[in-house]
Each structure stands twice: as C-alpha cells, then as structure tokens.
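Fold and contact review
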Amino acid sequence: MTGSLTSSVKNEKASDKQLETASDYEFGGESQLPRPPVLSEDNERKLWRKIDLRLMPILCVMYLMSFMDRGNIGTCAHNGSDDRVAD
C-alpha cells in the first residue's frame, strides 16, 4: 500500500516538472502569426460597427428561433403530447 502511494507521489512530482517546462514549447504556431494591425480610434470604431452590422441580425434570428422552439415545446407539453416531445 505504501509503495503505491510513494509511486503516485513520484508521478505527481514528475507531472509538475512537465508542467513547468511546458511553457518552453510553442503551441499553435504563434510565432508564425503576423502582428495585429494598429488601428486608429476612428478605424477601430468602423471595424466594430461593421462586425456589429453583420453579426447582430444573425444572432437576433437565432434567438428568435430558440424562443419560438421553447414556446412550442411548452405548448405541446401542456396539450398532452409530452411523450412524443421528450425525445
């Protein structure tokens, strides 16, 4: 019993050493990525506006569909066809 405890402690110490040296490695090729562009305040505001105009309609439609689906399931369960909706 004590032999297995000491081996698990040794394994934990070995994994701690691996975690300490993991920062020496590069993950995901970050050094090969270009630097992000430096934007002026006006250009950054335009970029966020463009992102908002493209994402917000999609997100609103997704939210609406989710709300309608949730309401339909509740109505269906209320009307007694709960056994078919549960799947």
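Right, let's walk through the structure included here. (Residues numbered from 1 in each chain as written. Predicted model: local features only at pLDDT ≥ 70, side-chain atom pairs only at ≥ 80, totals over all residues. Heavy atoms only, no water.)

Section: the environment of Leu39
Mapped onto the elements, Leu39 comes out in the loop between α1 (2-21) and α2 (41-78). Its relative accessible area of 37% is what places Leu39 among the partly exposed residues. Setting aside chain neighbours within four positions, we find Leu39 in contact with Glu44 and Leu47. (Helix = DSSP H or I, 4+ residues; strand = E, 2+ residues; numbered from the N terminus. Buried < 20%, exposed > 50% of the residue type's maximum accessible area, 1.4 Å probe, protein only. Contact = heavy atoms within 4.5 Å.)

A word on α2
Side chains of residues three or four places apart in an α-helix project in the same direction, reflecting 3.6 residues per turn. Between its first and last C-alpha atoms α2 spans 53 Å; for 38 residues at 1.5 Å apiece the expected length is 56 Å, and the two agree. Residue Leu55 marks the point of greatest curvature in α2, where the axis turns by about 30 degrees; the proline Pro57 follows within four residues. (Expected span 1.5 Å × (residues − 1). Bend = angle between axes of the 7 residues up to and from the residue.)

Some words on the pattern of salt bridges
Taken as a whole, this structure holds three salt bridges when the rule is applied. A salt bridge links Asp42 to Arg45; its shortest N-O distance comes to 3.1 Å. Linking Asp42 with Arg45, this pair stays in helix α2, spanning three residues, or about one helical turn. Look at Asp42 and you get partly exposed, because its relative accessible area is 36%. Connected through salt bridges with shared partners, the residues Glu41, Asp42, Arg45 and Lys46 form a single ionic network. (Salt bridge = Lys/Arg side-chain N within 4 Å of Asp/Glu carboxyl O.)

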